[in-house]
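# Analysis of the macromolecular model
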Amino acid sequence: MGFLGIVLLVWTTLAVGQQVKKIDDKALKSAGKSTEWSINGMDWGEQRYSTMTQINPGNVSRLASAWSYELGPGGGNQQATPLYSNGVLYTVTNWSIVAAVDAKTGKELWRYDPDADRTMTQPGKSRLCCGVNSRGIALYEGKVLVPVVDGRMQALDPATGKLLWSSWAIPEPKNGEISPYSLTMAARVAKGKVFIGNAGAEFPPFRGYVSAFDVNNGKELWKFYTTPGDPSKGFENKAMEAAAKTWAGEWWKQGGGGSMWDGMAYDPDENLLYVGTGNGSTWSADVRNGGRQTKQLDNLYIASILAINADTGQLKWHYQCTPGDQWDYDAIQHLLLADIRIDNRNRKVVMQANKNGYFYVIDRTNGEFISASEMSQVSWATGIDPKTGRPNVHPDALYSSTKGVTVYPVQMHNTSQMSFNPNTGLIYVPIAAENTFSFVAAETYTPTPGSQNFGLNLAGARGGTPMASPPPHGPDRKNPDGSKVRGGILTAWDPATQKERWFALGGGQSGGGTLSLASNLVIQTLSNGHMKAFTADKGEQLLDLTLPLNAGVGPPMTYMLDGKQYIAVMAGTGGAGRGGVGRGAGPGGAPGAAGGPGRGAPPAGAAPLEPTAAAAQGGQNVPPPPAVAVGNNNPKLLVYAVPN
């Protein structure tokens, strides 16, 4: 090769090398200003906001399909946010099957099936409360970090999909034992670590914890439990010792609960990992505390927002949204960090639209309560103390085996992803405007591993148990004709003033989500197969696009490739989501026509929904889309752009 040829080869190699962006802490700290989407919420603060403006109010109505990619046979809803880096889309579907796809053409580059335990949904072996969910992967330091639903944390080579390491992020299951644990949340990364929490509080005994692993070798670096263990064995740290004082009876025999399956964020300046924790085990506080609860106990750290030192795994502060929760008011929802001005003061905050009906604004540096306000109808509490941040629980909201209660809400907000636009200062969050659920405690309780356990008498109200109904309060939204707004809505919420700027019908507390763009747009996907666009400041609807799949829709994301902006979303449930086997599997679960590694894996049946999730479903406030011939119902990665 001549001199010019060598120079050309070196120049070409350098040029290609410069195009490959390394995903490390430096890149993630500025990810929110990037044209890539390399982390679950677009940035560490999970704002789901993009500075890209090519798609704007003037052209969004022309948004059209660019390509689609079939993910496999499915087995449930799609809840992950696809990630984009260096020309490749990475995503995860049911049973934690990962795919890497050319982001311009939709061509599959590789697929990886971790061969997750398909018995997790079987009666008597169940440990998935709410479907076969995988909410996201992470890209970091030359690895794809994958939480496998059966409890393994894994790292893959992003170029080939080859397994690099695998570690248990739950107590390693033993032969003959039924584990309550699973991994359904998206992994997060920072400072050479991958962070993951585990789920399973509906399957006691269960004691939740969040773990940190070394991204290079999978070694566990620390874990932080969310509930205290057996006092006779000592406590792991001062936080657990303090928490034990807020429990009664022999709570540790059922583990306490406190699972984690969605909300997490990271602040590099504070070096704090923020985690939302779930309900206690069991739901009934009286049963949970061994029948020894003489008053409402806090039961730390269930239903809380925790701030944990990312290096040491030690608790810095906590805020408990629902002390002593007994209404399934997890605090696992999307945690979003922002710097906003409140009462003429700049505040660094963490925010959450909680299941319990309140929108919270907390100082993320020290856990100081700033404000909370009803975002939906609320009856379990009469209000929040403005100084302490503690809810004033309505006395009739407490229940036992002889006196039940019907409360608002059941689940105002769950897994629908919200977004924040710093230009408008608004949060865009899909919620259920109002709904109720009835609770009666069980008279007796016997744990049954492999089955959901709530400590409730689910037939109590129908069986004649006296029921209280505390009066609801909160936003009383009206339709243009004066009728009461019911079902799902998208609300544009001002966190500084705790006021609603505008709302639109459609959406709900789970499924889909929103994406905010600097071009004054909010893109919303709905679980019933719609994609909408609104002006971010006023809520003027500019788009209502029907997706080719009308169920199992995940949250939207955006990226730019070769000067063109795209919007991507996953949708579809597959055969098991419809009560059968997907078309990607042949008779008996053998690989079907779809072919390819993992495509023929049998969905293995859908997990049953726990009762409050089942009660909260529906009410999208949008008519179902017309039937569209798509060949099958297998989940797909759908990518859209404005045609040239």
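Residues numbered from 1 in each chain as written. Predicted model: local features only at pLDDT ≥ 70, side-chain atom pairs only at ≥ 80, totals over all residues. Heavy atoms only, no water.

## Describing the side chain of N59
Looking at the secondary structure, you find N59 in the loop between β1 (49-50) and β2 (64-70). By relative accessible area, which is 13% here, N59 ends up buried. Here the side chain of N59 touches N56 through a polar contact of 2.9 Å, landing on its backbone nitrogen. (Helix = DSSP H or I, 4+ residues; strand = E, 2+ residues; numbered from the N terminus. Buried < 20%, exposed > 50% of the residue type's maximum accessible area, 1.4 Å probe, protein only. Polar contact = N/O pair within 3.5 Å; in protein donor to acceptor, adjacent residues only side chain to side chain.)

## Some points on the pairing of strand β37 (residues 564-571)
Of all 8 residues that make up β37, 8 are buried, and the element is covered over most of its length. Two strands pair when backbone bridges link them, and strand β36 (residues 557-561) and β37 are joined in this way by 5 bridges, in the antiparallel orientation. The residue of β37 that forms the bridge with M557 is A568. In this antiparallel pair of consecutive strands, β36 and β37, the connection spans 2 residues, and D562 shows a positive phi of 50°. Across 5 bridges, β37 lies against strand β38 (residues 636-641) in antiparallel orientation. In the sheet register, V569 faces β38, and the bridge partner there is L638. (Pairing = 2+ DSSP bridges.)

## Thoughts on the sheet that holds strand β19 (residues 336-342)
The sheet built from 4 strands is open, its strands ordered β19-β20-β21-β22 with antiparallel pairing. The sheet is open, and its two edges are formed by β19 and β22 (369-374), each paired on a single side. In this sheet, neighbouring strand axes are inclined to one another by 30° on average, regardless of whether the strands run parallel or antiparallel. Relative to strand β20 (residues 345-353), β19 runs antiparallel, the two sharing 7 bridges. Paired with D339 across the strands is K348, a residue of β20. (Axes fitted to C-alpha atoms, helices over the stretch in contact; angles between N-to-C directions.)

## With respect to the state of the cysteines
Working definition: the covalent bond between the sulfur atoms of two cysteines is a disulfide. Counted according to the given criterion, the structure contains 1 disulfide. Note that C129 is cross-linked by a disulfide to C130, the S-S spacing being 2.3 Å. Every disulfide takes its handedness from the sign of the S-S torsion; for C129 and C130 that torsion is -100°, giving left-handed. (Disulfide = S-S within 2.5 Å.)

## Points about the pairing of strand β21 (residues 358-363)
Within β21, 6 of the 6 residues are buried, which leaves it mostly tucked inside the rest of the structure. Side chains of β21 alternate between two faces, with Y358, Y360 and I362 and F359, V361 and D363 buried alike. Sheet topology note: the β20/β21 ladder contains 5 bridges and is antiparallel. Bridge pairing links A353 to F359 in β21. Hairpin connection between β20 and β21: a loop of 4 residues separates the two successive antiparallel strands, and G357 in this loop has a positive phi of roughly 100°. Pairing between β21 and β22: 5 bridges, direction antiparallel. Bridged to Y360 within β22 is A372. Where β21 folds back onto β22 in an antiparallel hairpin, the turn is made up of 5 residues, including G367, whose phi is positive at roughly 80°.

## Looking at the pattern of salt bridges
Counting across every chain of the model gives 28 salt bridges. Between D113 and R118 there is a salt bridge; the shortest N-O distance is 3.7 Å. D298 is paired through a salt bridge with R390; the nearest N and O atoms lie 3.1 Å apart. Of the two residues, D298 is situated in the loop between α4 (285-288) and β17 (304-309) and R390 in the loop between β23 (381-384) and β24 (391-393); the sequence distance between them amounts to 92 residues. R390 gets classed as partly exposed once you look at its relative accessible area, which sits at 40%. Through salt bridges that share partners, E434, D476, K478, K484 and R486 make up one connected network. (Salt bridge = Lys/Arg side-chain N within 4 Å of Asp/Glu carboxyl O.)

## Considering the sheet that holds strand β5 (residues 97-102)
Strands pair in a sheet through their backbones, by hydrogen bonds, and they do so in one of two ways: parallel or antiparallel. Read from one edge to the other, the open sheet built from 4 strands follows the order β3-β4-β5-β6, with strand pairing classed as antiparallel. Looking at strand neighbours, the two that pair on one side only are β3 (83-85) and β6 (108-112), the edges of this open sheet. For this sheet, the mean angle separating the axes of adjacent strands, direction not counted, is 20°. Judged from the 6 bridges that link them, strand β4 (residues 88-93) and β5 form a sheet pairing that is antiparallel. When the bridges of β5 are listed, L89 appears paired with V101.

## Structural notes on the packing of aromatic side chains
In this structure the tally under the stated criterion is 25 aromatic pairs. On the basis of an interplanar angle of 50° and a centroid distance of 6.4 Å, the ring pair of F224 and Y301 is categorised as tilted. Here F224 is found in strand β14 (residues 220-225), whereas its partner Y301 is found in the loop between α4 and β17, with 77 residues between them in sequence. Assigned by exposure class, F224 and Y301 land together as buried. Ring centres 5.9 Å apart and planes at 35° place the aromatic pair W327 and Y329 in the tilted group. These aromatic residues form a ring-pair network of at least three members: Y319, W327, Y329, Y358, Y360, F369 and W380. (Phe/Tyr/Trp six-rings, centres within 6.5 Å; stacked < 30°, edge-to-face > 60°.)

## A word on the confidence of the model for the protein
Of the residues in the protein, 90% reach a pLDDT of 70 or more, and the chain-wide mean stands at 90. A low-confidence stretch, residues 1-19 stays under pLDDT 50, and its non-local contacts, those more than four residues away or across chains, total 3 contacts. Across residues 577-603, confidence stays below pLDDT 50; counting only partners more than four residues off in sequence or on other chains, it has 56 contacts. (pLDDT = per-residue confidence, 0-100. Contact = heavy atoms within 4.5 Å.)

## With respect to the side chain of T322
Tracing the sequence through the fold places T322 in the loop between β18 (315-320) and β19. In this structure T322 comes out as buried when scored by relative accessible area, which is 0%. A distance of 2.9 Å separates polar atoms of two side chains, one belonging to T322 and the other to N356. Ignoring anything within four residues of it in the chain, the contact list for T322 reads A303, W327, Y329, N354, N356 and W380.

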